[in-house]
Amino acid sequence: MLTTKTLAAREGFAVTSAACGGGRARWSEVEAHGEYRLVLVRRGRFRRSAAGTEADLDPTLGYLAAPGEEERFAHPAGGDVCTSVTFSPSLWETRPRARVVYVDARVDLAHRRVLASAAGGDLDYAVTEELLTLVAVAAEQQALPRRAADRALVAAAREAIIEGAREAGSLCTLATLLKVSPYRLSRSFSRQMGVSLTRYRNRVRVADAMDRLADGEVSLAALAADLGFSDQAHLTRTVREHLGHTPTALRRLLVPSC
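Summarised in this report is the structure supplied together with it. Keep in mind that this is a model prediction, so the values were computed, not measured.

Calculation notes
Residue positions are given per chain, counted from 1 along the sequence in the order it is written. Per-residue local features are limited, in this predicted model, to residues with pLDDT of at least 70; the limit for side-chain atom pairs, both in listing and counting, is 80 or more; totals at the level of whole chains, interfaces and linings are taken over all residues. Water and hydrogen atoms were dropped before computing side-chain values, which therefore reflect all heavy atoms in the structure. In DSSP terms, a helix is any run of H or I states spanning at least four residues, a strand is any run of E spanning at least two, and both are numbered starting from the N terminus. Helix span, expected: 1.5 Å multiplied by one less than the number of residues in the helix. Between buried and exposed lies partly exposed: a residue is buried under 20% and exposed over 50% of the maximum accessible area for its type, with that area taken using a 1.4 Å probe on protein chains only. The arc in question is traced by the directions running from the helix axis to the C-beta atoms. Contact definition: two residues touch when any of their heavy atoms are within 4.5 Å. Each pair of strands is called paired provided DSSP finds at least two bridges between the two strands. Axes here refer to lines fitted to C-alpha atoms; in helices the fit is confined to the stretch in contact. Angles between the N-to-C directions go from 0 to 180 degrees. Take the buried residues of types Ala, Val, Leu, Ile, Met, Phe, Trp, Tyr and Cys, join any two whose side-chain atoms come within 4.5 Å, and each joined set is a nonpolar core. Salt bridge, as used here, is a side-chain nitrogen of Lys or Arg placed within 4 Å of a carboxyl oxygen of Asp or Glu. For Phe, Tyr and Trp, where Trp contributes only its six-membered ring, two rings pair if their centres lie within 6.5 Å, and the inter-plane angle classes them as stacked under 30 degrees, edge-to-face over 60, or tilted in between. Geometrically, a lysine NZ or arginine CZ counts as sitting over a ring once it is within 6 Å of the ring centre and also within 35 degrees of the ring normal.

This brings us to helix H2 (residues 123-140). For H2, with 18 residues, the first-to-last C-alpha span of 24 Å sits near the 26 Å given by 1.5 Å per residue. Turning to H2, its buried residues are Leu123, Val127, Glu130, Leu131, Leu134, Val135, Val137 and Ala138. The buried residues of H2 occupy an angular sector of 165° when the element is viewed end-on, so they sit on one face. Looking at H2, the residues exposed on the side facing more than 90 degrees away from the buried face are Tyr125, Glu129 and Glu140. Residues of H2 that are buried sit in contact with strand S1 (2-10), strand S2 (13-20), strand S4 (36-44), strand S9 (80-87), strand S10 (99-102) and helix H1 (105-120).

Now the structure itself:
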């Protein structure tokens with residue numbers, strides 16, 4: 001069962017929250033929409049089939065869809081919550097191309113900023129500006145290569161990292177969990193995702209840090225320890241590398257009252 005809630009809407013765009021109860025492992029009937037859409041997963045996982053390509057979607061993988069594109073969905077892992085941004089191509093100089101996109105930390109932060117600005121109510125400027133940034137940054141991401149042989153392995157690795165499996169603490173133990181060699185796992189992951197396993201794991205940890213900072217975490221030392229960084233300096237370096245901001249600056253971006 002799908003429920004939706006409009007978070008912001010103006011001429012040329014709309015931001016909608018969509019929650020699916022999930023539980024359906026089989027593919028849905030074919031759907032086709034009449035707008036350009038950027039869909040980002042906030043919680044949960046699901047599968048999408050479009051243009052002959054299947055993708056396992058989660059908070060690190062979203063998609064851009066074009067008008068008339070035929071899609072099917074499956075929810076073998078349960079429910080999910082997504083943000084769907086529909087928009088007119090006239091808002092950009094070039095039209096974004098339909099594709100699956102890697103949601104790196106910059107896209108994740110821009111997504112969070114859109115949600116925060118929508119809650120603030122300034123639709124004509126604040127929301128519009130953050131939305132333009134979000135779609136522009138997402139559209140810059142490289143399309144992921146289509147290598148069906150690697151898809152299941154990489155999807156399992158992503159799931160273990162996102163869910164915080166104990167075995168995901170190191171490359172070797174993760175490879176053991178997935179019953180492949182560390183070399184094959186590393187090579188397949190980089191080839192399929194376009195980023196290394198190290199960078200992907202850090203991207204997930206940066207997202208966890210943003211969650212904690214937005215929820216009011218004040219101790220960066222405790223945050224670093226909880227997320228598996230060697231110390232506070234390691235956390236700060238990693239966050240700055242992915243987002244160009246320190247954790248303290250991020251707190252101000254995510255919690256405007258700070």
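The structure having been displayed, the exposition proceeds.
Pairing is antiparallel in the open sheet, where six strands are placed in the order S1-S2-S9-S4-S7-S10. Here the strands that pair on one side only, and so sit at the sheet edges, are S1 and S10. Taking the axes of each pair of neighbouring strands and ignoring which way they run, one obtains an average angle of 20° across the sheet. Both S1 and S2 contribute to a ladder of eight bridges, which runs antiparallel. In the strand pairing of S2, alanine 9 is matched with alanine 14.

Attention now goes to the nonpolar core. Counting residues in hydrophobic clusters, the biggest one holds 30 residues, and the most contacted among them are Leu57, Leu174, Leu185, Phe189, Met193 and Tyr200. Looking at this core, the elements with two or more residues in it are S4, strand S6 (53-57), strand S7 (61-65), S10, helix H3 (148-162), helix H4 (171-178), helix H5 (182-193) and helix H6 (197-214). Ranked by residues supplied to this core, first place goes to H3 with five residues. For tyrosine 200, the contacting residues outside a window of four places in its chain are Asp58, Thr60, Tyr102, Arg158, Ile161, Ile162, Phe189, Met193 and Val195. Residues Phe87, Val103, Val135 and Ala138 belong to the second largest nonpolar core, which totals 24 residues.

Let's shift gears to the sheet that holds S6. Taken together, four strands build an open sheet; the order of strands is S3-S8-S5-S6 and the sheet is antiparallel. Taken across any chain shown, the strands that pair with only one partner, and hence form the sheet edges, are strand S3 (31-32) and S6. In the sheet, strand S5 (residues 46-50) pairs with S6 via five bridges, with the strands oriented antiparallel. Of the residues in S6, the one forming a bridge with arginine 47 is aspartate 56. Along the sheet face, H3 touches S5 and S6 and points at about 10° away from the line of S6.

Pairing between side chains of opposite charge can happen when their charged atoms approach one another. The tally for this structure, following the rule as stated, stands at 22 salt bridges. For aspartate 56, the salt bridge goes to arginine 151, with nearest N and O atoms at 2.7 Å. Here aspartate 56 is found in strand S6, whereas its partner arginine 151 is found in helix H3, with 95 residues between them in sequence. On the basis of relative accessible area, aspartate 56 is assigned to the buried category, the value being 18%. Across the salt bridge formed by arginine 106 and glutamate 140, the nearest N and O atoms sit 3.6 Å from each other.

Attention shifts here to the packing of aromatic side chains. What describes a pair of aromatic rings is the distance from one ring centre to the other and the angle between the planes of the rings. Using the criterion set out here, one finds four aromatic pairs in the structure. Ring centres of phenylalanine 189 and tyrosine 200 lie 5.1 Å apart, and the angle between their planes is 65°; on these two criteria the pair is classed as edge-to-face. Taken as a pair, phenylalanine 189 in helix H5 and tyrosine 200 in helix H6 lie far apart in primary sequence, eleven residues in all. The class for phenylalanine 189 is buried, based on a relative accessible area of 0%. Connected via pairs of aromatic rings, a cluster forms that spans Tyr102, Phe189 and Tyr200. Here the basic side chain of arginine 48 rests over the ring of tyrosine 63, its NZ or CZ set 3.8 Å away from the ring centre. Over the face of the ring belonging to phenylalanine 229 we find arginine 205, whose NZ or CZ atom lies 3.9 Å from the ring centre.

Where burial is concerned, most of S7 is hidden: five out of the five residues are buried. Here S7 shows two buried faces, one formed by Leu61, Tyr63 and Ala65 and the other by Gly62 and Leu64. Pairing analysis gives three bridges linking S4 to S7, with the strands arranged antiparallel. Residue pairing for S7: leucine 38 is matched across the bridge by leucine 64. Pairing geometry for S7 and S10, over four bridges, is antiparallel. Counted as the bridge partner of leucine 64 is arginine 99 from S10.

Honestly, it's all geometry; don't read function into it.
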